[in-house]
Amino acid sequence: MTISITALSVIVVLATSVATLTPILLIALFIRDWKKGCLW
Amino acid sequence: MTGLDDPILPTSIAWGLLAAFSVLWVVLGWWLGRRNKTAEDHMLAGRNVGLALATATAMATWVTANTTMTAPQLALQLGVWGMLGYSLGALGLILFAPLARRIRELMPEGFTSGDFIRLRYGKFTWRVFLVVSLIYAFGWLVSMAMAGGVLINALAGIDYRVGMTVILTVCVLYTLLGGLRAVIGTDFIQTVIIIAGAAFIAWLTIDKVGFEAIHFNLMEERPELLSLLFPAAIMFLFNNLLFGVGEIFHSNVWWSRAFAFGRNVGFRAYLFGGLLWLPIPIVAGFIALATPALGINVPAADMVGPLVAAEVLGLTGAIVVFIVVFAALASSLDSLLAATSDLVTRDIYRGHIRPQASEQHQFHATKVIVVLLGLLTWLAASYRGEIPIVGSLAELLYFTGAFVASAIWPIVAGLYWKKANPQGAAWSMILGSGIGLTSYFLIGFYVAALVGAAVSLAVMVLTTWLMPRPFDWGRLARSDAEVPA
């Protein structure tokens, strides 16, 4: 039983998309915390 | 074709990158730590770390050199399940989220995981826990320093001992200057660098090679890597899961963050950190599946990631990999140095040697201990292969598996089970570690964590069932309270 091209590509593209968005999300959270004065 | 005989990055460029990032981390560490005045500032960054920095530091610390280098290796050896299994390491962070909230609620003034064990179970269990925890922490520190030397040597041809010394010195310096505030601040930048770099390489691999070519070539040359019924890979999945949970539940690296994060931040930070960490081993590991399509000869499995990156991206790929690896190493080494020095300062120095040590005295002691830990780590990592137990990274890590897995149940029971037996907690760690280590030598490395956790669970449940000891949760709120021997 082997994984199909579709399943492999869905897993990898999904993972890579989340990883691509993560730095943006972290920076957005950082700016939000900074504006609210709750960075530390 | 790329081979390991020629480093993938010119040494001069590698030295330039090492120098630039070393200066950046040290200056940032000094700047962030300049307002630290007390041991609490230095060890716990003021106890009010916000969600952004908290999430990033949880992720960065859990992204080690193993994640960036071993995930591709596992994909190459165990196929699709290798990278998926590695990504399950995220469960350790996710499952720690409710524990972090409970820890912060029960111990608003706590400093270390040792504080909890001492107050919850008494001095005997505390001492057993310290042995388990310090063996693991030192093993991880040495393995990270060794990974630094090995990777810098493999990527850029810089001598093992020189590379290891540089990365260790940089981490000691900025941890010394800025404490946990420096560690968390640099972790944020390191997380962004690591994830962006890994995603960049993955997208370019998808673009240049494509899924059809990857799948076709794997079916022709290594069909087992696409198999969903690969027994060795499925066994690895469970072993890795338990190991990861044990590492996070007991280690002061994660406890010190639970104490440092602001109220109501710990739960969300560990949950988000785990969910966002989940795809990283898939992203880092997937590129190894492209090796048959690219026709790359892989002389050493743990170097497959850099080899693919260099093949797909040339010099740019090599530079990206070098920066990502340096960031991953530093983000784990600094956390370990800070958390282990806190544990030694609070639980060994103040707990056993100088009980009357003032806040200011502990502030200075923790700095001296960071330097001493750095020196000890350097000594052990310098004699790689010459000290029997310090053989390879994998051997060292799996050896500690029995210790960490045996600490899972005493921690969980201590936090949630009012009647957990203190002696049972000590013996669950002693017997779990002992029998786990025996199975490591008699059966194989892959069962140490599994056996350690199973024995520890049995002892904890049995002793508490036979001899329950009710506990007043309120005692945990006073971190300086006296406890029975």
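Source: prediction; values computed, not measured.

J.: Describe the overall build of chain B, with residues and values.
T.: Within chain B, the regular secondary structure consists of 22 helices and 0 strands. The principal-axis extents of the C-alpha atoms in chain B amount to approximately 65 × 50 × 45 Å. Across the 485 residues that make up chain B, the buried fraction comes to 64%. Excluding contacts between residues fewer than 6 apart, the proportion of contacts in chain B whose partners are at least 24 apart in sequence is 86%. Only carbon and sulfur atoms are counted for the fraction: they give 68% of the accessible area of chain B, which is about 16800 Å². For chain B, the distance from the average site of its 28 positive side-chain charges to the average site of its 26 negative ones is 17 Å.

J.: Please give an account of the overall build of chain A that cites residues and values.
T.: A count of helical and extended segments in chain A gives 1 helix and 0 strands. When the backbone C-alpha atoms are referred to their principal axes, chain A occupies close to 55 × 15 × 10 Å. Here chain A holds 40 residues, and the buried ones make up 32% of them. On chain A, roughly 2300 Å² of surface is accessible, and the fraction owed to carbon and sulfur atoms is 78%.

J.: Tell me about the interface of chain B and chain A, and name the residues and values.
T.: Contacts between the two partners involve 41 residues from chain B and, on the opposite side, 28 residues from chain A. At the boundary of chain B with chain A, total buried surface from both sides reaches about 3000 Å², with 83% on carbon and sulfur atoms. Among the residues chain B hides against chain A, the three largest losses belong to W203, F211 and H215 of chain B. Together they make up 18% of the total. At the junction of chain B and chain A, the tally comes to 0 salt bridges. Taken together, the connections running from chain B to chain A amount to 7 residue pairs in polar contact (both at pLDDT 80 or more). Put simply, the parts of the chain that give the side of chain B that touches chain A at least two residues each are α3 (51-62), α5 (80-87), α9 (160-208), α10 (211-221) and α14 (280-286) of chain B. The element contributing the most residues to the side of chain B that touches chain A is α9 of chain B, with 12 residues.

J.: So what's going on with the nonpolar core? Which residues, and what values?
T.: Looking at soluble globular proteins, one finds that nonpolar side chains tend to be buried together. All names here are of chain B. By size, the foremost hydrophobic cluster in this structure holds 183 residues, and its most contacted members are F96, Y270 and F322. Counting residues per element, this core draws most heavily on α9, at 23 residues. Dropping the residues within four chain positions of it, F96 is found in contact with I103, I248, F249, W254, W255, A258 and Y270.

J.: If you had to explain the pattern of salt bridges to someone new, which residues and values would you point to?
T.: Taken as a whole and assessed by the stated rule, the structure comprises 6 salt bridges over all chains. Across the salt bridge formed by R32 of chain A and D33 of chain A, the nearest N and O atoms sit 3.0 Å from each other. The exposure class assigned to R32 of chain A is partly exposed, which follows from its relative accessible area of 35%. Linked through salt bridges whose partners overlap, the residues forming this network are D115, R118 and R346 of chain B.

J.: How would you explain helix α1 (residues 11-33) of chain B if you had to name every residue and give the values?
T.: All names here are of chain B. The terminal C-alpha atoms of α1, which comprises 23 residues, lie 32 Å apart, in line with the 33 Å expected from a rise of 1.5 Å per residue. Within the sequence span of α1, burial applies to A14, L17, L18, F21, S22, W25, V26, L28, G29, L32 and G33. Residues of α1 that are buried in the fold lie against α8 (123-156), α9 and α17 (315-353).

J.: Please set out helix α18 (residues 359-382) of chain B residue by residue, giving values where relevant.
T.: Residue and element names in this part refer to chain B. Between its first and last C-alpha, α18 extends 34 Å over 24 residues, near the 34 Å set by a 1.5 Å rise per residue. Of the residues making up α18, those classed as buried are Q362, F363, A365, T366, I369, V370, L373, G374, T377, A380, A381 and S382. Packed against the buried residues of α18 are α2 (39-44), α8, α9 and α17.

J.: So what's going on with the confidence of the model for chain B? Which residues, and what values?
T.: On average, residues of chain B score 87 in pLDDT, and 93% of them reach the 70 mark or higher. Model confidence for the complex: the whole-complex pTM is 0.90, and ipTM, which rates the interface, is 0.95.

J.: Give a detailed account of the environment of V27 of chain B, specifying residues and quantitative values.
T.: Its place among the elements puts V27 of chain B in helix α1. For V27 of chain B, a relative accessible area of 46% gives the class partly exposed.

J.: So what's going on with the environment of V265 of chain B? Which residues, and what values?
T.: Residues and elements named next belong to chain B. Within the secondary structure, V265 sits in the loop between α12 (252-260) and α13 (266-277). For V265, a relative accessible area of 8% puts it in the buried group. A sequence separation of 215 residues divides V265 from G50, and the C-alpha atoms of the two residues are 6.6 Å apart. Residues in contact with V265, not counting those within four places in the same chain, are V49, G50, L51 and A54.

Conventions and cut-offs
Throughout this description, residue numbers start from 1 for each chain and increase along the sequence as written. Numbering of ligands from 1 and lettering of chains from A proceed in the order in which they are written. Under the rules for a predicted model, residues below a pLDDT of 70 receive no local features and side-chain atom pairs below 80 are neither given nor counted, while totals for whole chains, interfaces and linings still include all residues. Each side-chain value is derived from all of the structure's non-hydrogen atoms; neither hydrogens nor water enter the calculation. Counting from the N terminus, the helices are the DSSP runs of H or I reaching at least four residues and the strands are the DSSP runs of E reaching at least two. Partly exposed residues are those whose accessible area sits between 20% and 50% of the maximum for their type, while under 20% is buried and over 50% is exposed, using a 1.4 Å probe and protein chains only. Only heavy atoms matter for contacts: two residues are in contact if any of them lie within 4.5 Å across the pair. The Shrake-Rupley method, run with a 1.4 Å probe sphere, supplies the accessible areas, and residue values consider only the shown protein chains as cover. None of His or the chain ends enter the tally, which takes Lys and Arg as positive and Asp and Glu as negative. For this purpose, a charge sits on NZ of Lys, CZ of Arg, CG of Asp or CD of Glu. The term buried area denotes the loss of accessible surface (1.4 Å probe radius) that occurs when two parts are joined, taken as the sum for both partners. Here, a salt bridge means any Lys or Arg side-chain nitrogen found within 4 Å of an Asp or Glu carboxyl oxygen. For the purposes of these results, a polar contact is taken to be a pair of N or O atoms within 3.5 Å, where, inside protein, one atom must be able to donate a hydrogen and its partner to accept one; residues adjacent in sequence count only when each atom of the pair is a side-chain atom. In these notes, a set of buried Ala, Val, Leu, Ile, Met, Phe, Trp, Tyr and Cys residues joined through side-chain atoms within 4.5 Å is what counts as a nonpolar core. Multiplying one less than the number of residues by 1.5 Å gives the expected span of a helix. Along the chain, pLDDT gives the predictor's confidence residue by residue, from 0 to 100.

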